[in-house]
Amino acid sequence: MKTEEVIQAEANYVVQTYVRPPLVFERGAGMYLFDSDGRRYLDFAAGIAVTALGHSDPEWAQAVADQAGKLVHVSNLYHTAPQAALAERLVTHSFADRVFFCNSGAEANEAAIKFARKYAQAAGAGAKTQIVAFSGGFHGRTVGALSVTHKAQYREPFAPLMPGVTFAPFNDADAAAAAINDATCAVIVEPVQGEGGVRPATAEFLQALRALCNRHGALLIFDEVQCGLGRTGRLWAHQAYGVIPDIMTLAKPLAGGLPIGATLVTQAVAAALQPGDHGSTFAAGPLVCRAAQVVFDRVSRPEFLAQVRANGAYLRHRLETLESEAIVEVRGAGLLLGVELATAVAPIITAARAQGLILINAGTDVLRIAPPLIVGRAEIDAAVDILATCLAAGA
Ligand code: PLP
């Protein structure tokens with residue numbers, strides 16, 4: 001299919017829920033993507049914070065090819081070694097005692113919500129069903145995850161959603177104290193908000209949430225779907241805060257681009273769940289779990305994480321020292337940075353793409369910078385130089 005034919009077929013046959021630029025990606029290698037006309041793009045979006053090892057990492061590709069030739073799917077009716085090995089890695093490197101696997105971030109949050117309700121019910125607290133979420137929070141598009149996602153534009157067309165959700169302002173401990181009570185079964189928060197504009201939580205806020213959850217017997221859920229697994233320069237974003245959740249959700253980078261989600265829980269939460277309470281046909285099949293082992297083993301190395309912190313600091317410094325009137329603020333953590341502009345970011349993203357740089361937004365006025373975690377200084381310099389040109393031209 002020629003480029004125009006692909007674009008036309010998408011317009012004709014795919015439900016139109018996405019707005020895509022008129023280019024077709026054909027292959028990727030490391031930090032670069034190549035379109036159907038052979039043009040090369042420096043990827044500073046990583047498929048929305050997914051391809052942590054870059055595109056088609058040789059070790060990852062070899063593991064996937066090897067496993068594809070051996071065994072891909074048997075369902076969760078049977079044991080498979082890659083699933084068990086991945087679960088062991090996640091548990092031994094986190095606060096959690098057990099993991100439930102699924103296929104996406106939204107599903108990981110669905111599981112977290114169900115588990116919190118079941119935990120409260122198992123404790124005999126029948127009326128304890130309320131969930132507190134926060135302004136700017138994004139947790140996914142399925143009905144439960146959407147119900148705790150703040151943006152009205154995403155939620156309202158699908159009302160009525162799941163009842164029992166209260167939103168409180170993000171980073172406001174007093175407002176959280178007013179919202180959380182004995183009817184609260186869970187509080188869900190991103191330690192670093194992604195879609196909501198790349199906004200880190202303050203330490204005081206997360207500490208206050210932990211104390212409020214303890215006081216009211218509610219579970220604290222950290223959604224680390226976007227900020228987890230090395231993106232902030234720590235294995236888990238919450239490690240920078242010294243606050244430990246009861247449940248943590250993961251997805252995006254975990255299998256390096258293949259679909260996976262994970263809901264990590266303490267033994268107390270796991271003990272409330274019985275066979276039949278939740279499940280998935282595809283979750284954590286041998287193929288995705290072999291791929292995830294490669295990602296996990298590389299990203300969890302202390303040297304790898306130190307490199308993410310160093311490169312994140314360098315990228316941040318380069319962005320903070322850009323001389324542009326358009327920049328309002330640079331914020332974020334590690335290699336998840338947001339550049340808030342005084343103007344809409346869409347024209348800057350288009351102009352950067354024309355110069356061979358892939359960027360994405362987080363809302364209308366924030367550029368989200370989330371390259372593969374393997375990014376180096378030369379690529380950071382190249383990307384920031386293109387961005388500087390676009391900002392100077394007022395794109
Ligand atoms: N939670 C967070 C913090 C996210 O950023 C996202 C996706 O952007 C999700 C959940 C939903 O993940 P998915 O798109 O895999 O369902």
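Further up the page is the structure itself.
Let me begin by describing the structure that accompanies this report. Just so we're clear, the structure is a prediction, and the values are computed from it rather than from any experiment. (Residues numbered from 1 in each chain as written. Predicted model: local features only at pLDDT ≥ 70, side-chain atom pairs only at ≥ 80, totals over all residues. Heavy atoms only, no water.)

1. Digging into empty space enclosed by the protein
The cut-off we apply is this: Any residue with an atom within 4 Å of a point lines the site, the site being either a cavity, points on a 1 Å grid over the protein atoms alone where a 1.4 Å probe fits but cannot get out, or a pocket, an open set with protein on both sides within 12 Å along at least 5 of 7 lines. Grid points are joined across faces, edges and corners, and a volume is the space filled by probe spheres set on the points. Amino acid classes used here: Ala, Val, Leu, Ile, Met, Phe, Trp, Tyr, Cys and Pro are nonpolar; Asp, Glu, Lys and Arg are charged; the rest, including Gly, are polar.
Going through the model one piece at a time under the given rule, you end up with two cavities of 30 Å³ or more. Estimated volume of the largest cavity: approximately 50 Å³. Looking at the largest cavity, it is lined by 13 residues, and the ones nearest its centre are Ser75, Asn76, Ala283, Ala284 and Gly285. For the lining of the largest cavity, a count of residues per class yields six nonpolar, seven polar and no charged. Put simply, the second largest cavity is a space of about 40 Å³. Lining of the second largest cavity is provided by Phe44, Leu315, Leu319, Leu357, Leu359, Ile369, Ala383, Val384 and Leu387. In terms of residue class, the lining of the second largest cavity is made up of nine nonpolar, no polar and no charged.

2. Regarding the sheet that holds strand E15 (residues 357-358)
For clarity, the cut-off: Pairing between strands requires that DSSP locate at least two bridges from one strand to the other. A helix here means a DSSP run of H or I that spans at least four residues, while a strand means a run of E at least two residues long, and both kinds are numbered starting from the N terminus.
Spatially, E1-E2-E3-E15 is the arrangement adopted by the four strands of the open sheet, whose pairing is mixed. In the strand order of this sheet, the two ends are held by strand E1 (25-29) and E15, each with one partner.

3. Some points on the site of the ligand
Selection criterion: Being near a molecule or strand, for a residue, comes down to having at least one heavy atom within 4 Å of it. Pairing of N or O atoms within 3.5 Å defines a polar contact, subject to two protein rules: one partner must be a possible hydrogen donor and the other a possible acceptor, and residues neighboring in sequence count only if both atoms are side-chain atoms. Accessible surface area values rest on a Shrake-Rupley calculation with a 1.4 Å probe, where residue burial reflects the displayed protein chains alone.
Around the ligand lies a shell of 13 residues, among which Gly105, Ala106, Asp223, Gln226 and Lys252 are the nearest. Within the backbone of Ala106, one N or O atom sits 2.8 Å away from an oxygen atom of the ligand. Between an oxygen atom of the ligand and a side-chain N or O atom of Gln226, the distance comes to 2.7 Å. Here the ligand, which alone exposes 390 Å², has 82% of that area covered by the protein. For the shell around the ligand, the per-class residue count stands at three nonpolar, six polar and four charged.

4. So, the packing of aromatic side chains
Each pair of aromatic rings is reported with the distance of its centres and the angle of its planes. For clarity, the cut-off: Note on aromatic contacts: the rings of Phe and Tyr and the six-membered ring of Trp form a pair at centre separations within 6.5 Å, being stacked when their planes are under 30 degrees apart, edge-to-face when over 60 apart, and tilted otherwise. Remark: exposure states derive from per-residue accessible area (1.4 Å probe, protein chains only) relative to the maximum for the residue type, with buried under 20%, exposed over 50%, and partly exposed in between.
A full pass over the atoms with the stated rule returns six aromatic pairs. Taking 5.6 Å as the distance between ring centres and 85 degrees as the angle between the ring planes, the aromatic pair formed by Phe100 and Phe115 counts as edge-to-face. Here the residue Phe100 occupies a position in strand E4 (residues 98-102), and Phe115 occupies one in helix H5 (residues 105-122), the gap between them amounting to 15 residues. By the burial criterion, Phe100 is buried, and Phe115 matches it.

5. Quick notes on the pattern of salt bridges
As a reminder of what qualifies: Definition used for salt bridges: Asp or Glu carboxyl oxygen within 4 Å of a side-chain nitrogen of Lys or Arg.
Enumeration over the complete set of coordinates arrives at 13 salt bridges. Residues Arg316 and Glu320 are paired through a salt bridge, measuring 3.1 Å at the closest nitrogen-oxygen approach. Here Arg316 pairs with Glu320, and both are found in helix H12 (residues 302-320), just four residues apart, close to one helical turn. With relative accessibility at 46%, the residue Glu320 sits in the partly exposed group. For Arg331, the salt bridge goes to Glu340, with nearest N and O atoms at 2.7 Å. Arg331 gets classed as buried once you look at its relative accessible area, which sits at 6%. Judged by relative accessible area, Glu340 falls into the buried class, the value being 17%. Salt bridges sharing partners connect three or more residues here, namely Asp57, Glu59 and Arg298.

6. Quick notes on the nonpolar core
Selection criterion: The definition of a nonpolar core used throughout is a set of buried Ala, Val, Leu, Ile, Met, Phe, Trp, Tyr and Cys residues joined through side-chain atoms within 4.5 Å. Domain extents, as shown, originate in an automatic or database domain assignment.
In this structure, Phe44, Leu90, Val299 and Leu319 are the most contacted members of the largest nonpolar core, which totals 68 residues. When residues of this core are assigned to their parent elements, the largest contribution, nine residues, is made by helix H11 (residues 286-299). When residues of this core are sorted by domain, at least three fall in each of domain 1 (3-57 + 302-393) and domain 2 (60-299). Core analysis: the second largest hydrophobic core is formed by 29 residues, Phe134, Leu212, Ala218 and Leu220 among them.

7. So, the layout of surface pockets
Taken as a whole, the second largest pocket holds about 760 Å³ of empty space. What lines the second largest pocket is a set of 23 residues, and nearest its centre among them are Gln83, Arg98, Val99, Phe100 and Phe101. Counting residues per element, the lining of the second largest pocket draws most heavily on E4, which supplies four residues.

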